[in-house]
Amino acid sequence: MTNVPDDTGRVADAPSDNWVYQVLPRAAWPYAQLARWDRPIGWQLLMWPCFWSVGLAANHDVADGRFSLAWVLFYLFLFFVGSVAMRGAGCTYNDLIDHDIDMEVARTRSRPLPSGRVSRTEAKLFVGAQALVGLWVLLQFNLFSIGLGILSLVVVAIYPFAKRFTDWPQFFLGLAFSWGALMGWSALFAQVSWASFFLYVAAVLWTIGYDTIYAHQDKEDDALVGVRSTARVFADNTKAWLVGLYGMALFFLILAFAAAGVGLLGYLGLAVAAVMFAWQILILEIDNPDHCLRLFKFNGRVGGVIFIALMASLASLS
């Protein structure tokens, strides 16, 4: 298949009325698409475990009689910037690895690389520029956190290849996307703990769940080109698997909250999140791509509810 530029400059799997197309010059659109700035759900899902971890650490800080709102806000700002930058770098890197596969999948064929609107060299330079922003963020943390952040690059580098050697690429995505659950805690305490480890496991399970829903959009094309995924493995049993994945995620969130000394309002937030998990499972239609995409995006709200719960607990403990 040859590279045929898309005359509209849009991509098939993103809203065409996004701010990217209203604010940025047309020449910048392909780079915004490589970074997925037109699809903010990705950086939000990467950001929430970071924010949870900061909130969890702050709750523990209050319980120990030590707390600095200024530092908490500063770390939240850094994780926001880092999430946008590193999600963009990761997506661009992933597109470089999946260039040939994306040309064969209907949903991804209009992306900048397979459509020929960006060259591989330009994409590589863009990865480097975004990585430099991420490096600047990382260098604001303590030495332990810097080392922990560098260690995450091993998982990030492996993930794009996972769909080629395992039926569980969503597990590797979970390992990479959930790393912030460790980073927020280490940023405040220069170490990890059982609380942050439980939070990390919960985030990994959550990620496998929501990305399985996402992967159901492409399962037919994936089968044709040989791409492996949990959506193909779980198939008609996806709802049962989600009960287990989301249920265990909730269990480990409870363990993390308990280990950090989170207050009652935090657990009330988890109860709301549990209802949101159950609602997704109840209404899921695995053969409806648009429906799967909507439910995938809904998890951004789940992440927000859990963070708000931690902040509410923090306010009640302060």
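Owing to the predicted nature of the structure, the values given are computational and were not obtained by experimental measurement.

### So, the overall build of the chain
Then, number 1: If you tally the helices and strands in the chain, you get 16 helices and zero strands.
Then, number 2: Taking 2.2 N^0.38 as the reference for a compact globule, 318 residues should give roughly 20 Å; the C-alpha atoms of the chain span a radius of gyration of 19 Å, in line with that estimate.
Then, number 3: Reported as C-alpha extents along the three principal axes, the dimensions of the chain are approximately 65 × 45 × 35 Å.
Then, number 4: Within the chain, residue pairs in contact and separated by at least 24 positions form 74% of the contacts whose partners lie at least 6 positions apart.
Then, number 5: When the accessible area of the chain is evaluated, it comes to approximately 13,700 Å², of which 68% is carbon and sulfur surface.
Then, number 6: With 21 positive and 23 negative side-chain charges, the chain shows a spacing of 2 Å between the two charge centroids.

### Structural notes on the pattern of salt bridges
Where charged atoms of side chains with opposite charge meet at close range, the side chains can pair.
Then, number 1: Following the criterion strictly, the structure yields seven salt bridges and no others.
Then, number 2: Where D98 meets R164, a salt bridge forms, and the shortest distance between an N and an O atom there is 3.2 Å. A residue pair is termed long-range when its members are at least 10 positions apart, and D98 in the loop between α4 (69–97) and α5 (99–104) and R164 in helix α8 (residues 143–165) qualify at 66 residues.
Then, number 3: Overall, D98 belongs to the buried group, its relative accessible area being 2%.
Then, number 4: A relative accessible area of 38% places R164 in the partly exposed class.
Then, number 5: We note a salt bridge from R228 to D167, for which the minimum N-O separation is 2.9 Å. Here the residue R228 occupies a position in the loop between α12 (219–225) and α13 (230–234), and D167 occupies one in the loop between α8 and α9 (169–177), the gap between them amounting to 61 residues.

### Side note on the environment of Y214
Then, number 1: Of note, Y214 is situated in helix α11 (residues 194–215).
Then, number 2: Judged by its relative accessible area of 19%, Y214 is buried.
Then, number 3: Along the primary structure Y214 and G134 are separated by 80 residues, whereas in three dimensions their C-alpha atoms are 26 Å apart.

### Some details on unusual backbone geometry
Then, number 1: One non-glycine residue, R36, lies in positive phi territory at about 65 degrees.
Then, number 2: Tracing the sequence through the fold places R36 in the loop between α2 (29–34) and α3 (41–63).
Then, number 3: Looking at R36, the relative accessible area reads 5%, which means it is buried.
Then, number 4: Of note in the backbone geometry, A190 takes a positive phi value of approximately 60 degrees without being a glycine.
Then, number 5: When you line up the elements, A190 lands in the loop between α10 (180–189) and α11.
Then, number 6: For A190, a relative accessible area of 37% puts it in the partly exposed group.

### A closer look at α9
Then, number 1: The element α9 is extensively covered by neighbouring structure, given that eight of its nine residues are classed as buried.
Then, number 2: Buried-residue contacts for α9 involve α3, α4, α8, α11 and α13.

### Observations regarding the nonpolar core
Then, number 1: In terms of nonpolar packing, the biggest core is built from 81 residues, with W52, L56, F79, F141 and W206 touching the most fellow members.
Then, number 2: Aside from chain neighbours lying at most four places away, what touches F141 is Y75, L78, F79, I146, M183 and A187.
Then, number 3: With eight residues, the next largest nonpolar core counts L34, A35, L113 and V118 among its residues.

### Here we look at the confidence of the model for the chain
Then, number 1: Residues with a pLDDT of 70 or more make up 96% of the chain, whose mean pLDDT is 90.
Then, number 2: Residue range residues 1–6 is modelled with pLDDT below 50. Its contacts to residues more than four positions away, or to other chains, number 16 contacts.

### Considering α11
Then, number 1: Taking 1.5 Å of rise per residue, 22 residues should cover 32 Å, and α11 covers 31 Å from first to last C-alpha, within 8% of that figure.
Then, number 2: The buried fraction of α11 amounts to 20 of the 22 residues, a majority that puts the element mostly inside the structure.
Then, number 3: Where α11 begins, one side-chain oxygen reaches toward the backbone nitrogen of A195, 3.3 Å away; that side chain belongs to S193.

### Looking at the packing of aromatic side chains
Then, number 1: With the rule as written, the count across this model stands at 31 aromatic pairs.
Then, number 2: Three or more aromatic residues link up through ring pairs in this structure, and these residues are W52, W206, Y210, Y214 and F296.

### Details of a nonpolar patch on the surface
Then, number 1: Residues W71, F74, F77, F80 and W136 make up a contiguous nonpolar surface patch of about 530 Å² in total accessible area.
Then, number 2: In terms of residues, the nonpolar patch owes the most to one element, α4, which gives four residues.

### Description of the side chain of S229
Then, number 1: Here S229 is to be found in the loop between α12 and α13.
Then, number 2: For S229, the contacting residues outside a window of four places in its chain are D167, P169, Q170, A215 and D222.

Conventions and cut-offs
- Residues numbered from 1 in each chain as written.
- Predicted model: local features only at pLDDT ≥ 70, side-chain atom pairs only at ≥ 80, totals over all residues.
- Heavy atoms only, no water.
- Helix = DSSP H or I, 4+ residues; strand = E, 2+ residues; numbered from the N terminus.
- Rg over C-alpha atoms; globule rule 2.2 N^0.38 Å.
- Contact = heavy atoms within 4.5 Å.
- Areas by Shrake-Rupley, 256 points an atom, 1.4 Å probe, with all protein chains shown as cover.
- Lys, Arg positive; Asp, Glu negative; His and termini not counted.
- Charge placed at Lys NZ, Arg CZ, Asp CG, Glu CD.
- Salt bridge = Lys/Arg side-chain N within 4 Å of Asp/Glu carboxyl O.
- Buried < 20%, exposed > 50% of the residue type's maximum accessible area, 1.4 Å probe, protein only.
- Core = buried A, V, L, I, M, F, W, Y, C linked by side-chain atoms within 4.5 Å.
- pLDDT = per-residue confidence, 0-100.
- Expected span 1.5 Å × (residues − 1).
- Polar contact = N/O pair within 3.5 Å; in protein donor to acceptor, adjacent residues only side chain to side chain.
- Phe/Tyr/Trp six-rings, centres within 6.5 Å; stacked < 30°, edge-to-face > 60°.
- Patch = residues over 30% accessible without salt bridge, like charges linked within 9 Å, V, L, I, M, F, W, Y side chains within 5 Å.

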